[in-house]
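Examining the three-dimensional arrangement
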Amino acid sequence: MKKKVFSVCAVLVLAALASPGSAAVEQPRNVILIGWDGAQREHVEQCLARGELPSLRKLIDQGKYVKIDVEGTTDTKAGWSQILTGYYPEVTGVYSNRQYQPVPKGLSIFERLENHFGTDKFVTVAVIGKKQHCGEIDPPRKVRLDEETQTQPKKKAAARKNAAGNGQNKKQAKKAQATAQPGAGKKPQGTIVEENGVQYRVTPGSPYYGMHTALEVWEFGLMQDQKVGTRALELLDQYQGKPFFFFVHFAEVDHAGHKYGENSKEYNDALISNDLWTGKIMAKLRELGLADKTQIYVTADHGFNEDGTGHSFAPYVFLATNNKAVGRDGRRQDVAPTIYEALGVDVAQFQPRLDGLALTRPENRAPVKLGPPKRARQAAQPVEENQEPDVIFVPTPEEVVAKMLELARVTKKDVVYDLGCGDGRIVVAAAKLGCRAYGFDVDPERIAESKENVEKNGVGRLATIQQKDIFKLDLSQADVVTLYLLPSLNVKLIPQLEQLKPGSRIVSHDFDMKGVKPDQVVRVEGSGGYGHTVYLWTTPLKKEP
């Protein structure tokens with residue numbers, strides 16, 4: 001049999017809280033969630049069969065091992081956002097490592113546990129291996145390009161001076177570059193927008209930006225399992241006196257997979273390392289007398305492509321726990337509800353309602369829909385246009401989508417065109433109002449996501465997604481046109497928009513149309529506390545002098 005190695009993305013160790021007066025109830029006091037980032041299920045199971053993961057085996061013998069299948073993108077941001085909230089990306093706005101926003105305030109498991117038990121009575125901690133995609137707390141930014149250009153030379157000069165002052169030579173600089181996170185890719189460069197003649201660079205905040213302030217400790221970028229594990233042990237000593245929820249994230253499996261491949265010795269050794277430190281955490285709990293009061297959950301955010309160095313289609317992971325009540329296989333979003341139930345938190349009161357279902361409860365949902373590999377999906381698309389998108393895709397929040405359609409006064413008699421449809425959320429929302437809706441995009445990945453969204457929402461009878469260049473479209477049949485493009489692209493569309501019949505409505509998220517006076521401008525407060533602007537124009541367009 002071909003030698004295989006599994007990338008385990010996330011190990012969850014959870015210790016549940018027992019409230020006063022509940023001594024008669026067998027309920028954990030603490031929960032620790034341990035993440036084996038990038039752990040492939042089949043590889044993990046082969047390691048277990050060879051006896052290479054004794055700590056995980058011991059945990060399974062105390063409780064259960066179940067299969068977890070991933071719905072959605074198989075990458076880190078999408079994975080941990082689902083695991084740490086219990087929601088689909090339609091709620092969190094985190095679809096992938098490239099398409100994300102800060103998770104709306106109050107939706108993470110950290111915030112909800114702190115709110116439920118009281119910040120002075122309950123401790124939440126996150127110790128995270130990755131520098132990017134899990135743990136980083138970058139805020140949303142909007143920077144003037146001219147100021148950015150002026151400050152860059154000064155920053156580079158300061159960096160050179162600092163390096164010289166510290167005696168850093170070229171060899172040391174190369175060593176620093178070598179510590180970059182494997183597989184992280186380039187940091188997003190943001191979108192260039194123009195407002196009142198001034199250009200800005202706009203970048204979204206990281207998914208974790210809004211949640212990290214709720215915790216007693218939030219540390220990320222430790223990279224090495226030894227550093228993550230050692231810090232987790234120190235914090236267990238520090239906070240042993242209070243009920244707690246720890247998220248301990250090991251990154252070496254994912255890093256080894258990106259660097260050497262899933263079937264490499266390095267990947268297998270990284271799984272063994274994850275297991276070693278998981279065992280040390282379990283031993284520390286026994287030393288502190290907390291083993292019987294703590295539930296442990298080990299899981300992964302995504303798997304790894306078989307014998308590959310990526311995880312474009314890697315939906316097969318696992319969950320191991322000492323919670324004997326766990327009784328079935330599940331999905332990423334089922335982890336958080338399982339933890340809430342273990343700690344005695346009533347999720348029925350949560351708004352919005354959780355998408356996940358506790359793994360102790362019977363499955364009553366439709367079968368998991370696993371998307372095919374991205375390459376296969378793209379190859380299956382009829383490609384009319386083959387070009388790079390003009391903008392990076394940033395999703396429009398649902399509340400903004402609703403306001404755009406409301407402002408455009410969409411009715412069942414209308415035909416709606418969404419230009420640059422992204423994941424198809426505007427098309428789906430319009431179709432749910434009973435009208436015909438069309439979405440157009442040049443990016444085959446966005447087209448695939450839009451079609452999946454249309455199918456999932458059951459609006460295929462009214463919604464159509466097409467891969468087309470929006471600047472070559474005939475818009476004359478549309479009653480409503482929706483936009484989330486750059487101001488310069490809005491201007492480029494003016495000749496086509498002038499073909500619309502009188503009384504047609506055009507709505508744009510955040511960006512105006514220079515030279516055309518809007519009929520209405522509305523401010524929308526987003527669920528994550530971030531403001532948005534919606535512009536409305538009605539044809540014939542009112543040109544400004």
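For clarity, every value in this text was computed on a predicted model and none was experimentally measured.

With respect to the sheet that holds strand S6 (residues 191-195)
If you trace the 3 strands from one edge of the open sheet to the other, you get S5-S7-S6, paired in antiparallel fashion. At either margin of the open sheet sits one strand with a lone partner, and together these are strand S5 (141-144) and S6. Mean inter-strand twist for the sheet, computed between neighbouring axes without regard to direction, equals 30°.

Things to note about the packing of helix H13 (residues 398-407) against helix H14 (residues 425-432)
Where H13 contacts H14, the axes come no closer than 10 Å and their chain directions differ by 50°. Comparing their axes, H14 and H13 come out oblique. With respect to the hand of their crossing, H13 and H14 are arranged in right-handed fashion. Counting all contacts with H13, which are made through Glu398, Val401, Met404 and Leu405, the residues of H14 involved are Arg425, Ile426, Ala429 and Ala430. Partitioned by chemical class, the residues of the contact of H13 with H14 number 6 nonpolar, no polar and 2 charged.

Notes on the environment of valine 143
Following the sequence through the fold, valine 143 ends up in strand S5. Its relative accessible area of 31% is what places valine 143 among the partly exposed residues.

A closer look at the sheet that holds strand S17 (residues 505-509)
The 7 strands lie next to each other as S15-S14-S13-S16-S17-S19-S18, forming an open sheet whose pairing is mixed. The outermost strands of the open sheet, each flanked by one partner alone, are strand S15 (463-467) and strand S18 (520-525). Direction aside, neighbouring strands of the sheet carry axes that sit 20° apart on average. Most of the contacts of H14 go to strand S14 (residues 436-441), to which it runs at about 175°, and overall it touches strand S13 (415-419), S14, S15 and strand S16 (480-483). Each of S14 and S15 is contacted by helix H15 (residues 444-456), which is oriented at about 170° to S15, the strand it contacts most.

Conventions used here
All residue numbers here refer to positions counted from 1 along the written sequence of the relevant chain. Predicted model: local features are reported for residues with pLDDT of at least 70 only, side-chain atom pairs are reported and counted for 80 or more only, and whole-chain, interface and lining totals are derived from all residues. The side-chain quantities take in all heavy atoms of the structure and omit both hydrogens and water. In this scheme, strands are said to pair when DSSP sees at least two bridges between them. For the purposes of this entry, the term helix denotes a DSSP run of H or I that reaches at least four residues, the term strand denotes a run of E that reaches at least two, and both are numbered from the N terminus. Only C-alpha atoms enter the line fits that serve as axes; for helices the fit covers just the stretch in contact. Angles between N-to-C directions range over 0 to 180 degrees. Should an angle lie under 35 degrees it is considered roughly parallel, over 145 roughly antiparallel, and from 65 to 115 roughly perpendicular; all remaining angles are considered oblique. Two helices crossing with the near one rotated counterclockwise from the far one by less than a right angle form a left-handed crossing, whereas a clockwise rotation gives a right-handed crossing. Contacts between residues were defined by any pair of non-hydrogen atoms, one from each residue, lying within 4.5 Å. Side-chain classes are defined by residue name, with Ala, Val, Leu, Ile, Met, Phe, Trp, Tyr, Cys and Pro counting as nonpolar, Asp, Glu, Lys and Arg as charged, and the others, Gly among them, as polar. Only protein chains enter the accessibility calculation, which uses a 1.4 Å probe; a residue whose area is less than 20% of its type maximum is buried, one above 50% is exposed, and one in between is partly exposed.

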